[in-house]
Each structure stands twice: as structure tokens, then as C-alpha cells.
Amino acid sequence: MAIKLVAIDMDGTLLNPQHEITAAVKSAIERAHKKGVMVVLTTGRPYVGIQRYLMELNLVDEGQYCISYNGALVHRANDGECVAEITLGFDDYLYIEQLARELGVHFQAFDKSFLYTPNKDISEFTIHEASLTGIPVRYRSVEEMDRAMRFPKLMMIDKPDLLDSAIQRLPQQARDNYTILKSAPYYLEILDSRANKGQGVKMLAEKLGLAREEVMAIGDQENDLAMIEYAGTGVAMGNAIDSVKKIAQFITKTNMEDGVAHAIEELVL
């Protein structure tokens with residue numbers, strides 16, 4: 001079946017190491033779009049961290065979509081309105097925040113508009129996330145948080161050695177009750193057990209009446225595994241981790257070599 005939807009991870013995939021979209025990648029996406037193929041940016045970032053790239057790629061027409069927070073939210077691209085979502089509640093926030101303190105790592109939480117940290121010593125990686133995506137940071141103690149809040153994702157963040165040590169000590173209860181995955185050496189993402197990029201792409205494909213055989217997904221990290229497994233055509237970047245390459249049907253070039261453009265040209269155009 002012809003590919004009608006291409007789900008593309010952003011960091012390490014769509015974007016080069018300078019967080020830019022190269023001319024070759026932009027051209028390939030524009031040609032796919034003109035051919036009638038839907039291109040869907042699918043990322044761990046919040047919607048605010050996707051917007052400027054949607055505009056740069058001219059993917060903000062009516063009927064265009066994007067997926068944020070590793071599949072927890074599916075948005076209309078033009079205004080950010082959610083058309084599907086899977087979120088966590090306040091009890092989840094309390095459990096993971098306490099667990100992060102017990103494991104000795106920093107913690108942060110997201111709603112649809114803000115990043116919240118209860119850490120007075122705000123992590124350098126929280127600042128990095130905010131500067132990378134543009135999401136505003138708010139310091140809020142646990143007691144100051146609104147118990148009615150919903151959270152697309154929670155995160156443990158810290159230096160890679162500290163975070164890896166914490167991951168090894170995660171209790172089975174956490175592993176059983178949540179989707180837990182690394183999106184970078186210093187980011188551990190925690191979502192509802194039903195949420196992942198594969199589920200996000202599946203929700204959108206079903207909304208659009210598309211079969212999984214009509215979907216292609218491109219990624220490089222652990223948080224891309226689910227959508228590459230779901231898609232009829234799974235593509236690993238040349239710079240992808242080994243577990244992503246192992247399950248992909250196609251391995252393209254790296255994000256320094258216009259890998260997304262190469263995959264689209266070979267498999268879509």
C-alpha cells in the first residue's frame with residue numbers, strides 16, 4: 001500500500017545537531033506534502049516546541065496534525081487544539097515526585113502550557129529543556145500544585161550517571177504502571193501506561209481512516225520504538241541507537257547527512 005502518513009521524530013531525526021532543518025530535508029517534506037502525503041511531527045516536546053518548525057515546513061494548513069509529549073497529545077497543527085489525549089492525574093504526580101526524591105534525581109512535570117519543577121535547585125537540564133522548546137518554567141512546591149491538574153508527562157532528569165543509577169533502582173510498581181522511556185541520556189520520560197508515540201500515531205491514523213500499512217515512522221531513540229513498531233514502514237536513522245535499528249525495516253542516513261530526506265525520497269517519492 002502507498003504511504004499516506006509519515007510520522008517524524010524531531011530531535012536527532014528531523015533536526016540536525018544544530019537543531020535546524022536542512023534545505024534537503026525541507027525540500028523532501030514539501031514534495032511529499034504536495035503529493036498528498038501527511039507529514040506529522042511526532043516528538044517528546046510540547047506543542048510550543050513544535051510550532052516554529054511546523055511553520056517553517058508549511059505544515060499548518062487545516063487538516064494537518066502533530067503529536068507532542070511522546071504520543072500523549074495529538075494536536076491540530078494550526079492552533080494546537082487537542083483532538084486526542086492520554087494524561088496522568090495528581091496521584092501520579094505525587095508518586096513519581098516522591099520516587100524521584102527517593103532516588104536522588106531532579107523531577108519536572110508538564111501540563112499543556114507549562115513546565116513545573118518542585119526543585120529549588122532547578123536542574124540545568126530543566127533550563128535546557130525550556131530553552132530548547134520555549135516552554136515557560138514555573139517553580140511550584142508540591143503543596144502549591146492544583147490537585148485538578150492533568151499531566152501529559154512527568155520526567156526524572158539528571159546527569160546521565162545519576163539517572164542511569166536511578167533507572168536501575170526503579171521499583172517494579174513504577175515499571176508496571178507507566179510507560180517509562182529515555183529520550184536523551186539525561187531525560188527519563190514517564191507517561192500513562194497507554195501512551196507512547198506508537199499509540200499517538202495509531203490514534204491519528206484511525207481518526208483519518210488510514211491502515212498501519214499506509215504509515216511510515218522515522219526515529220532514532222528509545223521513545224521512537226513504539227511508533228516504528230506500529231508503522232507499516234519503520235525507519236531508523238543512521239545515528240539511531242541499536243534497538244531502533246534492530247526493529248526497523250529500513251536504515252537511512254544520519255541526521256548530519258539529511259537522513260529524513262533520503263528516507264522520504266527512497267520510500268515515499
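Residues numbered from 1 in each chain as written. Predicted model: local features only at pLDDT ≥ 70, side-chain atom pairs only at ≥ 80, totals over all residues. Heavy atoms only, no water.

Q: What exactly am I supposed to notice about the nonpolar core here?
A: A general trend in soluble globular proteins is that nonpolar side chains are found buried together. Ile8, Leu14, Ile29, Leu41, Met216, Ile218 and Ile264 are the most contacted members of the largest nonpolar core, which totals 70 residues. Not counting residues within four places of it along the chain, the set of residues in contact with Ile8 comprises Thr13, Leu14, Ile29, Val39, Val40, Leu41, Thr42, Ile218, Val260 and Ile264. Counting 25 residues, the second-largest nonpolar core is a separate cluster that includes Tyr93, Ala109, Ala166 and Tyr178. (Core = buried A, V, L, I, M, F, W, Y, C linked by side-chain atoms within 4.5 Å. Buried < 20%, exposed > 50% of the residue type's maximum accessible area, 1.4 Å probe, protein only. Contact = heavy atoms within 4.5 Å.)

Q: For this particular structure, what's the right way to read the domain arrangement of the protein chain?
A: Interfaces are often described in size by the accessible area the parts lose on coming together. Domain assignment breaks the protein chain into domain 1 (5-85 + 195-268) and domain 2 (90-192). Measuring from the centre of the C-alpha atoms in domain 1 to the corresponding centre in domain 2 gives 24 Å. Summed over both partners, the interface of domain 1 with domain 2 comes to about 1400 Å²; 60% of that surface belongs to carbon and sulfur atoms. Summed over the three residues of domain 1 that lose the most area to domain 2, namely Tyr69, Ala195 and Glu222, the buried surface amounts to 35% of that side. Inspection of the domain 1/domain 2 interface yields one salt bridge. Here Lys112 makes a salt bridge to Glu85, at a shortest N to O gap of 2.8 Å. The interface formed by domain 1 and domain 2 includes eight residue pairs in polar contact (both at pLDDT 80 or more). Looking at side-chain class alone, the side of domain 1 that touches domain 2 contains seven nonpolar, seven polar and four charged residues. (Domains from an automatic or database assignment. Buried area = accessible area lost by both parts, 1.4 Å probe. Salt bridge = Lys/Arg side-chain N within 4 Å of Asp/Glu carboxyl O. Polar contact = N/O pair within 3.5 Å; in protein donor to acceptor, adjacent residues only side chain to side chain. Nonpolar A, V, L, I, M, F, W, Y, C, P; charged D, E, K, R; others polar.)

Q: So what exactly am I meant to see when it comes to the packing of aromatic side chains here?
A: Throughout the structure, instances matching the rule amount to eight aromatic pairs. With centroids separated by 5.3 Å and ring planes inclined at 15°, the aromatic side chains of Tyr93 and Phe151 adopt a geometry described as stacked. Linking Tyr93 in helix H3 (residues 90-103) with Phe151 in the loop between strand E8 (137-139) and strand E9 (153-157), this pair joins segments that are 58 residues apart in sequence. Pair check on accessibility: Tyr93 and Phe151 agree, each one buried. Through a chain of ring-to-ring contacts, the aromatic side chains of Phe90, Tyr93, Phe107 and Phe151 assemble into a single cluster. Lying across the ring of Phe114, Arg138 places its NZ or CZ 3.6 Å from the centre. Here the basic side chain of Lys153 rests over the ring of Phe110, its NZ or CZ set 5.1 Å away from the ring centre. (Phe/Tyr/Trp six-rings, centres within 6.5 Å; stacked < 30°, edge-to-face > 60°. Helix = DSSP H or I, 4+ residues; strand = E, 2+ residues; numbered from the N terminus. Lys NZ or Arg CZ within 6 Å of the ring centre and 35° of its normal.)

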